[in-house]
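# Results of the structural survey
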Number of protein chains: 2
Amino acid sequence: MAAIPAHLPSRAAHVSAHVLGGGGGLFPEVLGAGRAGFRALRIGAPAGLGRAAGMEIIRSNFKDNLNKVYEAIEEADFLAIDGEFSGISDGPSVSTLTNGFDTPEERYQKLKKHSMDFLLFQFGLCSFKYDHAEAKYIMKSFNFYIFPKPFNRSSPDVKFVCQSSSIDFLANQGFDFNKVFRNGIPYLNQDEERQLREQYDEKRSQANGAATLSYISPNATKCPVTIPEDQKKFIERVVEQIEDLIQNEENKNLQLEPCTGFQRKLIYQTLSWKYPKGIHVETLETEKKERYIVISKVDEEERKRREQQKQAKEQEELSDAVGFSRVIHAIANSKGHSSCFGCNNKGKLVVGHNMLLDVMHTIHQFYCPLPEDLSEFKELAACVFPRLLDTKLMASTQPFKEIINNTSLAELEKRLKEIPFNPPEVESAEGFPSYDTASEQLHEAGYDAYITGLCFISMANYLGSFLSPPKNHVSARSKLIEPFFNKLFLMRVMDIPYLNLEGPDLQPKRDHVLHVTFPKEWKTSDLYQLFSAFGNIQVSWIDDTSAFVSLSQPEQVQIAVNTSRYAESYRIQTYAEYVEKKHEEKQAKRKWTEDSWKEMERKRLKTQYTPYIPQSRYYCGNSFTATSTMGKRSMSPIQEETGSDDMEEREIQETELDETDCYAESVPEGRKRAKKFKKVKKEQDPTGSITSGSTALFEVPDTW
Amino acid sequence: MAAIPAHLPSRAAHVSAHVLGGGGGLFPEVLGAGRAGFRALRIGAPAGLGRAAGMEIIRSNFKDNLNKVYEAIEEADFLAIDGEFSGISDGPSVSTLTNGFDTPEERYQKLKKHSMDFLLFQFGLCSFKYDHAEAKYIMKSFNFYIFPKPFNRSSPDVKFVCQSSSIDFLANQGFDFNKVFRNGIPYLNQDEERQLREQYDEKRSQANGAATLSYISPNATKCPVTIPEDQKKFIERVVEQIEDLIQNEENKNLQLEPCTGFQRKLIYQTLSWKYPKGIHVETLETEKKERYIVISKVDEEERKRREQQKQAKEQEELSDAVGFSRVIHAIANSKGHSSCFGCNNKGKLVVGHNMLLDVMHTIHQFYCPLPEDLSEFKELAACVFPRLLDTKLMASTQPFKEIINNTSLAELEKRLKEIPFNPPEVESAEGFPSYDTASEQLHEAGYDAYITGLCFISMANYLGSFLSPPKNHVSARSKLIEPFFNKLFLMRVMDIPYLNLEGPDLQPKRDHVLHVTFPKEWKTSDLYQLFSAFGNIQVSWIDDTSAFVSLSQPEQVQIAVNTSRYAESYRIQTYAEYVEKKHEEKQAKRKWTEDSWKEMERKRLKTQYTPYIPQSRYYCGNSFTATSTMGKRSMSPIQEETGSDDMEEREIQETELDETDCYAESVPEGRKRAKKFKKVKKEQDPTGSITSGSTALFEVPDTW
């Protein structure tokens, strides 16, 4: 057990997080092209940074390189991932996606509703393996182009949405859309894969039993086929020809004239009944795309050979169709290092920067449509990615938050090269492209995954400096990084720094927050005016006619509500009242399915009061490892205060000339005061439901 | 007046149409990559045809070439257009889009619902001008790449859908997606343009009157600004600095420190109140994207100069934002040739191949969302495209239908080079790219527009051969082609060849048609079996559990209904019963808005019983010419029989190995018999509503 270094909090203390601004790595790059709020974030995008080539994986070289990918995953100490999407929000504005007082459940629902119709069309995967002898990481970077090319006539014809601002942003980064659409690797989710497998199985069982198949086997003799009157002559003639073929020893094959599909079906049925054995029937196509039947005499051996050939071909077709999903399966199925105590061999650590949307998209696209509730999503995520680490959350948490001002990926990477951090020693593996540090500014998922990995290494190593004796290298299996596991950064939420995948989420006190409803003509300045008696406020727009307003002191809340009692144009209620009303509305809406509501209640209570032991109902058995031991350890960085540098709560659409985008900056004192009320956060929250659980949650492990 | 040539029907006779197969020009190319039904059509796609370069118009060269485009439109004898889209149908399958017994209204509703979320991202425009001296056409071809790049923070952030199969098909054709997304020309519809114009107007009027503008003019003195307590000091300091500036003769400018948007707003308001005259306030941005205010002393002349500069810049920004829509406006506003009798100078003839979807998309994207009803759409289309001609419809109509077997664009173009047609003499205008007839197989809208124009010329000229003396050249203004005006090909509808933009649509007798409901396990063969007693039938799938079945004789209909009376697994009703029930359901659904229903009824009756005189409620006044005289002439090719080569009614998803796609071919006799029942089509239709109107409709002009 390592001694507790002086700079780190002791066991009794709480690790505190500071959600600093600057935008997330993923968000500024993909969201960057969005509206007002997101524009500002784009400033933080990589500039002057070297870009990786990565190993480009497209449809044509996917199969040849798949073993390389598997190998990289298996040997890795950790993996870094990043995705590029065709859009972020299909709502009328991006602000509908993020409100500063979203609950994790609300945020999940919003992202699920507004973001999943976009396509994840580039996936970056970077594996890092530590070479102890050389004291450096060996890195393999892959950049996958992904596109749901329909592989046959019964395959899904996927429709996906593109958002102009996102596409425009990527275009400006030199993104190669032609590569995606012409050469993207196809994929199937679990359901589609199962359906396709069943199709093949059905065909095979038909071949071994029933009527319509190319191999007519002994037990196919069922009953005569009903042939429509007008087709009888046609079929009789075919049968005659086949009799000739069978009698005649010289001829091996018989080619019938092209005919209609219905006629071909009749032929297949008739032959399977009349000639259960010894002939092979196949449909071919002329140059003019007319289909015709070829009948050949085959012996048993030849029949088996053809059957095997056919099965092998089918298996390959199936694998090709599953395509890129196989890479995600490999990550999900990967084994953690056996020397890693406490991780239960759960799978590789997967690192990402501001990765909630990446994780949701990956699951949605390559596993299954996202589940209804956040709690179900947590179970599912644990199956696909048993161990995640979000570098944006890490950088926003003690001991980093004090020394890192801007957590956008590009800025973070720069910062982590400077004192007190050390730029990590990382080298491309042999046969993998190395980096050209002064080349084009391509926006590439593989490169972003690489940079994310570098950031993780620097921060992990920095934790080693607190040990005594200090360590230069902290591995991905060190207990030092466990507090950061499975907590995903929550973009632009004021008082909840992360989504906790391993248990219930934090429930901050919001007793300084008001919910205000007003005419749609109102602007932020009207709210400032309304609350001018209360000093500095922060406004979080919900929609055109409502917003959350946080006051600097909770005591002001009741005064504000009281003084507004007789107002006509606007309405003020406390956050608690708002939540209660929303809850009631929801309940009223669901009354018609009383039972399903009870089920929900039960689930909710279970989540709140019982230890979080997920029972995975997703394909954990077959494709990835079970996670029954997950969540037993819950050591968590918590947050003490919330900056708002990256919280431009509102997409500004007023037409006030140049005066449109800086309201969020206008209350610097407000931010300072905000620190005060956040300090009471760990007290009983309004509903009193989570306090005991969350106390346990913030325990710090012995090893610290 | 020209004599009636022997081959053409006399005045009393009816011009008959034959909707032959082979797929539409637009459809096979764009739909081609789709599912089963559409796959087959792809076969007809251009092969070995020379492809045009066209003049490529992208964002960067749009403005420089716009006058060339205007000139080409103005001088043209006719225009040809073609569009490429990011998809065709967002329904679960393309078959939901087309049923062989759709009414024009139903088809319009389907296309509107399922196809308008796609992006028209390439627009081909080809102008043809006849050079009498040289006896050849001079052609100018433009190929526009189109993308809704957001032009500023308040501009619409368009979301559009992509369909994998369509994208994949275009990708295989070498379509350049990078050019679309990186260099596409932006556009605005009429509403967006109006909003943007209002924004600029508002700014300007604010500048000349109110508070928040950069030019603080005399009448801006309203009242003191309410400044929040904590901002008072800040504003006071700013005012002091400005007093200094005004006193001090040496300094012309004052640069304030960067501050928040709220503070900048306060500064603007304060200054407009305190200094109504003589200073100029402007917001600039530092390299770090911080905004700051610069104040300068200006005299009246300088003020005016700056004001004008600013207005000119705004006007240019507005034009840039309207972008490609200006081309469509130019087409809509174009004047027909003054020597053209009867066309009332209504606008250029615009030719397209299978152009319904092109017309709908063009209007939807560059004018306004499509209206509720087909009748309103007809009015709107008359505003944007006063005179349309569909070469697929023309080729499917007498006297062409007898000698043209395949009306897909590529096949048609080939056919029209052979006897009895003459390949037209067409040459690129000077300075325009000419054609490389053996180069790449790019799928290019400009090229398809060009080919469409060639087809029109050949067919128009062929009509001249019937005149005495025969004419080699028939102009786009000839009465000979008027019967083909404003009738758009209706893809895959069995008994209605076209959508009539100039009046009510044809209402064919469907007394040989049954509507059948059955278990979702049923396949086409089950229906054949069910109706085996009735000879050959044609099946048009509606959805998984229903289809239209047409029998060869109307007399059989009642027998079928009677014999099925006690069936349990399926249900048969006549087409008339089905329509009535659907009508009742619709009525029940709308009962809650009794008035709106009455309004609809009124509209419907009006359409059916009164002469069709559209009252255009769309922006006809400003942007395009009024159309009050439209529709007075209704000479119409009608159809006598319906082939089904391109009517693969159902997307086949059965997993019957190779036995899946040929049912439609399986009733060759059925097709022949179909001719018989179609011959009674001109009798009273079941509802009796349209007969008198349609008789007038089929009159053939004296000039024939």
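Residues numbered from 1 in each chain as written. Chains lettered and ligands numbered in written order. Predicted model: local features only at pLDDT ≥ 70, side-chain atom pairs only at ≥ 80, totals over all residues. Heavy atoms only, no water.

Summing up its helical and strand segments, chain A has 23 helices and 19 strands in all. The buried share among the 704 residues of chain A stands at 59%. Contacts in chain A between residues at least 24 apart in sequence constitute 77% of all its contacts with a sequence separation of at least 6. Accessible surface computed for chain A: about 28800 Å², of which carbon and sulfur atoms make up 49%. (Helix = DSSP H or I, 4+ residues; strand = E, 2+ residues; numbered from the N terminus. Buried < 20%, exposed > 50% of the residue type's maximum accessible area, 1.4 Å probe, protein only. Contact = heavy atoms within 4.5 Å. Areas by Shrake-Rupley, 256 points an atom, 1.4 Å probe, with all protein chains shown as cover.)

Further remarks concern helix H3 (residues 59-75) of chain A. Residues and elements named next belong to chain A. The first and last C-alpha atoms of H3 sit 24 Å apart over 17 residues, in line with the 24 Å expected at 1.5 Å per residue. Along H3, the sharpest kink reaches roughly 55°, centred on Asn65. Every buried residue of H3 is accounted for by Phe62, Asn65, Leu66, Val69, Ala72 and Ile73. Where H3 is buried, its residues touch strand S2 (55-57), strand S3 (78-85), strand S4 (120-131), strand S5 (136-145) and helix H11 (325-333). (Expected span 1.5 Å × (residues − 1). Bend = angle between axes of the 7 residues up to and from the residue.)

Next up on the list: unusual backbone geometry. In this structure, Pro420 of chain A follows Ile419 of chain A across a cis peptide bond, with omega equal to 5°. The omega torsion across Gln398 of chain B and Pro399 of chain B is 5°, close enough to zero to call that bond cis. Tracing the backbone through its elements, the reader meets Pro399 of chain B in the loop between helix H14 (391-395) and helix H15 (409-415). Of note, Ala135 of chain A is a non-glycine position whose phi angle comes to about 55°, a positive value. With respect to the helices and strands, Ala135 of chain A occurs in the loop between S4 and S5.

Bringing a negative patch on the surface into the picture now. Negative charge collects at one region of the surface, where Glu236, Glu240, Glu243 and Asp244 of chain A lie side by side. Given the relative accessible area of 49%, Glu236 of chain A is considered partly exposed. (Patch = residues over 30% accessible without salt bridge, like charges linked within 9 Å, V, L, I, M, F, W, Y side chains within 5 Å. Salt bridge = Lys/Arg side-chain N within 4 Å of Asp/Glu carboxyl O. Lys, Arg positive; Asp, Glu negative; His and termini not counted. Charge placed at Lys NZ, Arg CZ, Asp CG, Glu CD.)

Below, the discussion takes up the packing of aromatic side chains. A full pass over the atoms with the stated rule returns 69 aromatic pairs over all chains. For the pair Phe121 of chain A and Phe177 of chain A, a centre-to-centre distance of 6.3 Å together with 75° between the ring planes defines the contact as edge-to-face. With Phe121 of chain A in strand S4 and Phe177 of chain A in helix H6 (residues 177-183), this residue pair connects regions lying 56 residues apart in the sequence. Among the residues examined, Phe121 of chain A registers a relative accessible area of 0% and is labelled buried. When the centroid spacing of 5.8 Å and the interplanar angle of 80° are considered together, the rings of Phe78 of chain B and Tyr137 of chain B count as edge-to-face. A residue pair is termed long-range when its members are at least 10 positions apart, and Phe78 of chain B in strand S3 (residues 78-85) and Tyr137 of chain B in strand S5 (residues 136-145) qualify at 59 residues. Each member of the pair, Phe78 of chain B together with Tyr137 of chain B, is buried. One cation-aromatic arrangement involves Lys487 of chain A over Tyr498 of chain A; the distance from NZ or CZ to the ring centre is 5.9 Å. (Phe/Tyr/Trp six-rings, centres within 6.5 Å; stacked < 30°, edge-to-face > 60°. Lys NZ or Arg CZ within 6 Å of the ring centre and 35° of its normal.)

Let's shift gears to the sheet that holds strand S7 (residues 253-255) of chain B. Adjacent strands of a sheet pair through backbone hydrogen bonds, lying either parallel or antiparallel. Residues and elements named next belong to chain B. On the basis of which strands lie adjacent, the open sheet formed by three strands has the order S7-S9-S8 and antiparallel pairing. This sheet does not close on itself; its edge strands, each paired only once, are S7 and strand S8 (279-285). Within this sheet the neighbouring strands show an average axis-to-axis angle of 20°, counted without direction. Direction of pairing for S8 relative to strand S9 (residues 291-297): antiparallel, over a ladder of seven bridges. Looking across to S9, one finds that Ile279 is bridged to Lys297. (Pairing = 2+ DSSP bridges. Axes fitted to C-alpha atoms, helices over the stretch in contact; angles between N-to-C directions.)

With that settled, the discussion passes to the pattern of salt bridges. Scanning the entire structure with this criterion turns up 57 salt bridges over all chains. We note a salt bridge from Asp320 of chain B to Lys63 of chain B, for which the minimum N-O separation is 3.1 Å. Taken as a pair, Asp320 of chain B in helix H10 (residues 300-322) and Lys63 of chain B in helix H3 (residues 59-75) lie far apart in primary sequence, 257 residues in all. Owing to a relative accessible area of 33%, Asp320 of chain B belongs among the partly exposed residues under this scheme. Lys63 of chain B sits in the partly exposed class, given a relative accessible area of 40%. For Arg291 of chain B, the salt bridge goes to Glu285 of chain B, with nearest N and O atoms at 3.4 Å. What emerges from the salt-bridge pattern is a single network uniting Lys63, Glu316 and Asp320 of chain A.

Within the largest apolar cluster, 150 residues are counted, with the highest numbers of intra-cluster contacts made by Leu125, Phe144 and Phe377 of chain A together with Leu125, Phe144 and Phe377 of chain B. Each residue touching Phe377 of chain B, except ones within four places of it in the same chain, is listed here: Tyr108, Leu356, Val359, Met360, Ile363, Leu370, Pro371, Leu499 and Leu501 of chain B. (Core = buried A, V, L, I, M, F, W, Y, C linked by side-chain atoms within 4.5 Å.)

All names here are of chain A. Confidence in the prediction for chain A averages 74 pLDDT; 70% of positions are at 70 or higher. The least confident element of chain A is helix H2 (residues 36-42), whose mean pLDDT is 28; the most confident is strand S10 (residues 349-352), at 97. Here residues 1-52 scores under 50 on pLDDT; set against residues more than four positions off or in separate chains, the count is 189 contacts. Across residues 604-704, confidence stays below pLDDT 50; counting only partners more than four residues off in sequence or on other chains, it has 253 contacts. Taken over the whole predicted complex, pTM reads 0.73, whereas the ipTM for its chain interfaces reads 0.73. (pLDDT = per-residue confidence, 0-100.)

Right, let's get into the side chain of Glu314 of chain B. Its location among the elements puts Glu314 of chain B in helix H10. The contact partners of Glu314 of chain B, leaving out residues within four places of it in the chain, are Tyr200, Lys203 and Arg204 of chain B.

The next point concerns the environment of Ser86 of chain B. All names here are of chain B. On the secondary structure map, Ser86 appears in the loop between S3 and helix H4 (104-115). Beyond its immediate stretch of four places on either side in the chain, Ser86 contacts Phe118, Leu119, Phe121, Phe160, Val161, Cys162, Gln163, Ser166 and Ile167. A distance of 2.9 Å separates a polar atom in the side chain of Ser86 from the backbone nitrogen of Leu119. (Polar contact = N/O pair within 3.5 Å; in protein donor to acceptor, adjacent residues only side chain to side chain.)

Take helix H8 (residues 232-247) of chain B next. Residue and element names in this part refer to chain B. Spanning 16 residues, H8 covers 23 Å between terminal C-alpha atoms, matching the ideal 22 Å at 1.5 Å per step. All of the buried residues in H8 are Phe234, Ile235, Val238, Val239, Ile242 and Leu245. The buried side chains of H8 occupy one side of the element, clustering within an arc of 135° when seen end-on. Away from the buried face of H8 by more than 90 degrees, exposed residues Lys233, Glu240, Asp244 and Gln247 are located. Residues of H8 that are buried in the fold lie against S7, helix H9 (261-274) and S9. (Arc of directions from axis to C-beta.)

A few words on the pairing of S10 of chain A. Residue and element names in this part refer to chain A. Taking every second residue as pointing to the same face, both faces of S10 are buried, with Leu349 and Val351 on one and Val350 and Gly352 on the other. Here S3 runs beside S10; their pairing, made up of three bridges, is parallel. If you follow Phe78 over to S10, its bridge partner there is Leu349.

Next up on the list: the environment of Ser525 of chain A. Structurally, Ser525 of chain A can be placed in helix H17 (residues 524-530). Given a relative accessible area of 12%, Ser525 of chain A falls into the buried group. Distance in space between the C-alpha atoms of Ser525 of chain A and Val539 of chain A is 9.9 Å, their sequence separation being 14 residues. Leave out the neighbours within four places in its chain, and Ser525 of chain A touches Phe262 and Lys265 of chain B.

This brings us to the sheet that holds strand S7 (residues 253-255) of chain A. Residue and element names in this part refer to chain A. Read from one edge to the other, the open sheet built from three strands follows the order S7-S9-S8, with strand pairing classed as antiparallel. For this open sheet the edge positions go to S7 and strand S8 (279-285), each flanked by a neighbour on one side alone. Between one strand axis and the next, the sheet turns by 20° as a mean value, whatever way the strands run. In this fold helix H9 (residues 261-274) packs onto S8 and strand S9 (291-297), with an angle of close to 170° to the strand it touches most, S8.

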